[in-house]
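# Overview (structure and organization)
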Amino acid sequence: MSDLPPEPSRTPVAIVGAGPTGLSLALALARLGVRSVVLEKRSAPGIHSKAVGIHVRTREYFRLWGIEETFLREGTLLPDFILRNAAAGGKPLLSFRFPLLEKEADTPGLLVLEQSETERLLLAAVEATGLCEVLFDAEVVELSQRDSGVALRRREGGPPLQADFVVGCDGAASFVRHALGLAFEGATYSLRPMLADVRLRDERDQLPWPRVFSASRGLSFSLRIRPGLWRIVHLARREPESDEVSEEEVGDRVEELLGPGPAEIVWASRFRIHRRASPRFREGRVLLAGDAAHIHSPVGGQGMNAGVQDAANLAWKLAAALRGGDRERLLDSYDVERRAVVVEHVSRFTDFLTKVFMQAPAPLRGAALLLFRAVLACPRTRKTILRRMSMIGSDYPASPLLDAHESAAGLRLPNPLLHGSDGDNGVRLYNLIAPGAVLLDVAEKRPFLTEPPIPQVLRIGPGEWRDPSGLLRGILGGRDGYLLVRPDAHIAWARWDAEGIAEATRRALGEG
Ligand SMILES: Cc1cc2nc3c(=O)[nH]c(=O)nc-3n(C[C@H](O)[C@H](O)[C@H](O)COP(=O)(O)OP(=O)(O)OC[C@H]3O[C@@H](n4cnc5c(N)ncnc54)[C@H](O)[C@@H]3O)c2cc1C
């Protein structure tokens, strides 16, 4: 007899792939009390540093899932991202000062952490929930879908795993996407960037970063992932002939960015980069998320973050569908909302940065830098760019759940500092929200609701929480009113009259 526990043959949600997207989805589902099984073809968690930047919006979800503190402890938070010119002794070229977003976001800045660490922390959090089984050495090779559910088969055989829903979080070469017969439309850039991680054991490790070195033959960039470990990126102006990366090439790039000296190469490789998306993120009971659904240029570092944010949008909708909600509206809204954000925001933004800063010849790049600096000098555009970089500027459009006639539908919920009645130091709004939907009852002049349509209510007004930022009242046009916030921290609607809000809540949350 085997000592191993029996593997499940039925689960509400089966997630294919234990990358950052799949693990985020498992965690978000568990926070809503939903069980899942994650099937991963690798035999162990990921060890590659890959994506090294975590943006504010992603951390807001980590906060809601109760894991942000751990990430802040393990990573390096850059409140000011000051790009330095390595050719001019590290003189600042461009400055992105994220604290400008402090009114609407907590500890704004870029969190630098290797993807392998992100995956490790997510996996630990998922396992601690007790609601998810993560199976390694479990490659999914067959998917069949019926009205009543989906069956998955693994390469090593055994009985199929039956699931109410399957989510393909299985990366750019997604088996699930292929099984659905969905294309991966888009383009491959002519660029083939060289990426390397190197260890430095001398005083160069103390140099200010991130650094850039621009020459007619190409552009190099470096960032310190953690003390002693640096990411080096190089884009040659001319397509390199070989995919091979020599030690000498890495050494040259390290020297121009950081100065002469030894550098131990941890890994180095040349990559093709793409801008592609599936035409649909949903087919019946099967959904796609993360790289399986869309991939982007790594410039701007939004790819992995977009996958985590897909998971936040999808998890509560799966939970609601499993509770008997309106499956079609819930899951179609995932497709509409996330495809819009991914295509309109993430893909366009990373494509723009790639074309302007990476593909352009050196003189044009210089002109673009000057222009960018001028744009950043204007407070309004500076804020827009910082919000876009932090991924807090992506509101959702109208969808089967978000009614275009409702005010504020789809807006990201800001995260202002609220104060209690006893003159405390304040607490951020997201810290006060438990998993699930919340109604913000914003009242200065009228009594608070006595019979709210959902259990979780936060009162903003006399004797309760105060919002000195005025952001919440601002969404309500400066008047008393109600904001229904979905579990993914986007506003479903703003209303001023309590009449009909029970029905409007049911509709916005996709209840049957
Ligand atoms: C070198 C490099 C640098 C990068 N740098 C950045 C960056 O700076 N910023 C950024 O945002 N992004 C970056 N990316 C992209 C980022 O790594 C991806 O966007 C991110 O990994 C996507 O996460 P995911 O969970 O959707 O997919 P993946 O991380 O690809 O995870 C998919 C998982 O599914 C598993 N799987 C695949 N097929 C099956 C199957 N049939 N059955 C079971 N399991 C399966 C895979 O083994 C894998 O573990 C980089 C990528 C690379 C390669």
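Keep in mind that this is a model prediction, so the values were computed, not measured. (Residues numbered from 1 in each chain as written. Predicted model: local features only at pLDDT ≥ 70, side-chain atom pairs only at ≥ 80, totals over all residues.)

## A look at the overall build of the protein
Within the protein, the secondary structure is distributed over twelve helices and 27 strands. Based on the C-alpha atoms only, the size of the protein along its principal axes is roughly 70 × 65 × 40 Å. For the protein, buried positions account for 45% of its 512 residues. (Helix = DSSP H or I, 4+ residues; strand = E, 2+ residues; numbered from the N terminus. Buried ≥ 20, exposed ≤ 12 C-beta atoms within 10 Å, placed from the backbone.)

## A few points about the environment of L472
Position of L472 relative to the elements: it lies in helix α11 (residues 471-475). Spatially, the C-alpha atoms of L472 and Y482 are 9.6 Å apart, while their sequence positions differ by ten residues. In contact with L472, not counting residues within four places along its chain, are P416, L440, V442, I460, D467 and L483. (Contact = placed C-beta atoms within 7 Å.)

## Focus on the site of the ligand
Lining the immediate surroundings of the ligand are 33 residues, of which G17, G19, G171, G290 and G303 lie closest. Elements represented by at least two residues in the shell around the ligand include exactly α1 (20-31) and α7 (303-322). Top element by residues in the shell around the ligand is α7. It accounts for four residues. For the shell around the ligand, the residue count by class is 13 nonpolar, 13 polar and seven charged. (Near = placed C-beta within 6 Å. Nonpolar A, V, L, I, M, F, W, Y, C, P; charged D, E, K, R; others polar.)

## So, the sheet that holds strand β25 (residues 457-460)
The mixed open sheet is built from four strands, whose spatial order is β25-β24-β26-β27. Of all the strands in the sheet, the pair left with one neighbour each is β25 and β27 (491-495). Shown here is a sheet whose adjacent strand axes are inclined to one another by a mean of 15 degrees, direction ignored. For strand β24 (residues 438-442) and β25, the ladder comprises four bridges, and the chain directions are parallel. Counted as the bridge partner of D441 is R459 from β25. (Pairing = 2+ DSSP bridges. Axes fitted to C-alpha atoms, helices over the stretch in contact; angles between N-to-C directions.)

## Examining the nonpolar core
As a rule of thumb, soluble globular proteins bury nonpolar side chains together. If you look at the biggest cluster of nonpolar residues, it comprises 131 residues, and the most contacted ones within it are L25 and V166. In contact with L25, not counting residues within four places along its chain, are I15, V167, C169, A289, A311, L314 and A315. If you look at the next biggest cluster of nonpolar residues, it comprises eight residues, including V56, M389, M391 and I392. (Core = buried A, V, L, I, M, F, W, Y, C linked by C-beta atoms within 7 Å.)

## Quick look at the sheet that holds strand β13 (residues 194-199)
Strands sit in the order β6-β5-β14-β15-β16-β13-β17 across an open sheet of seven strands; the sheet is mixed. One side of each edge strand has no neighbouring strand; the edge strands of this open sheet are β6 (91-97) and β17 (264-270). Within this sheet the neighbouring strands show an average axis-to-axis angle of 20 degrees, counted without direction. Pairing geometry for β13 and strand β16 (residues 229-236), over six bridges, is antiparallel. Counted as the bridge partner of R199 is L229 from β16. Sheet strands in contact with helix α9 (residues 362-377) are β6 and β14 (211-215), and its direction is about 45 degrees off that of β6.

## Re the packing of α1 against α7
Relative to each other, α1 and α7 sit at 30 degrees, their axes nearing to 8 Å. As α1 runs across α7, the sense of the crossing is right-handed. Counting all contacts with α1, which are made through P20, T21, S24, L25, A28 and L29, the residues of α7 involved are M304, G307, V308, D310, A311, A312, L314, A315, L318 and A319. Tallied by class, the residues present in the contact of α1 with α7 amount to twelve nonpolar, three polar and one charged. (Left-handed = near helix turned anticlockwise from the far one by under 90°.)

## Thoughts on unusual backbone geometry
Looking along the chain, the bond that leaves W209 and enters P210 is cis, with omega of 0 degrees. Here P210 shows up in the loop between β13 and β14. Phi is positive for K50, close to 25 degrees, though the residue is something other than glycine. By secondary structure assignment, the location of K50 is in the loop between β2 (36-39) and β3 (53-54).

## A look at the packing of α7 against helix α8 (residues 327-359)
Axis separation between α7 and α8 bottoms out at 9 Å; the angle between their running directions is 170 degrees. Considered as vectors, α7 and α8 are oriented roughly antiparallel to each other. For the pair formed by α7 and α8, the contact residues are A306, D310, N313, L314, K317, A320 and A321 on the first element and R327, L330, L331, S333, Y334, E337, R338, V342 and V346 on the second. Residues of the contact of α7 with α8, tallied by class, amount to nine nonpolar, two polar and five charged. (Parallel < 35°, antiparallel > 145°, perpendicular 65-115°, else oblique.)

## Side note on helix α10 (residues 379-390)
Count 3.6 residues to each turn of an α-helix, and residues three or four apart come out pointing the same way. Here α10 contains twelve residues, and its C-alpha end-to-end distance of 16 Å stays within 8% of the 16 Å for a straight helix at 1.5 Å per residue. Looking only at α10, the buried set comprises L386, R387, M389 and S390. The buried residues of α10 occupy an angular sector of 160 degrees when projected down its axis, which confines them to one face. Residues of α10 that are buried sit in contact with α2 (56-64) and β6. (Expected span 1.5 Å × (residues − 1). Arc of directions from axis to C-beta.)

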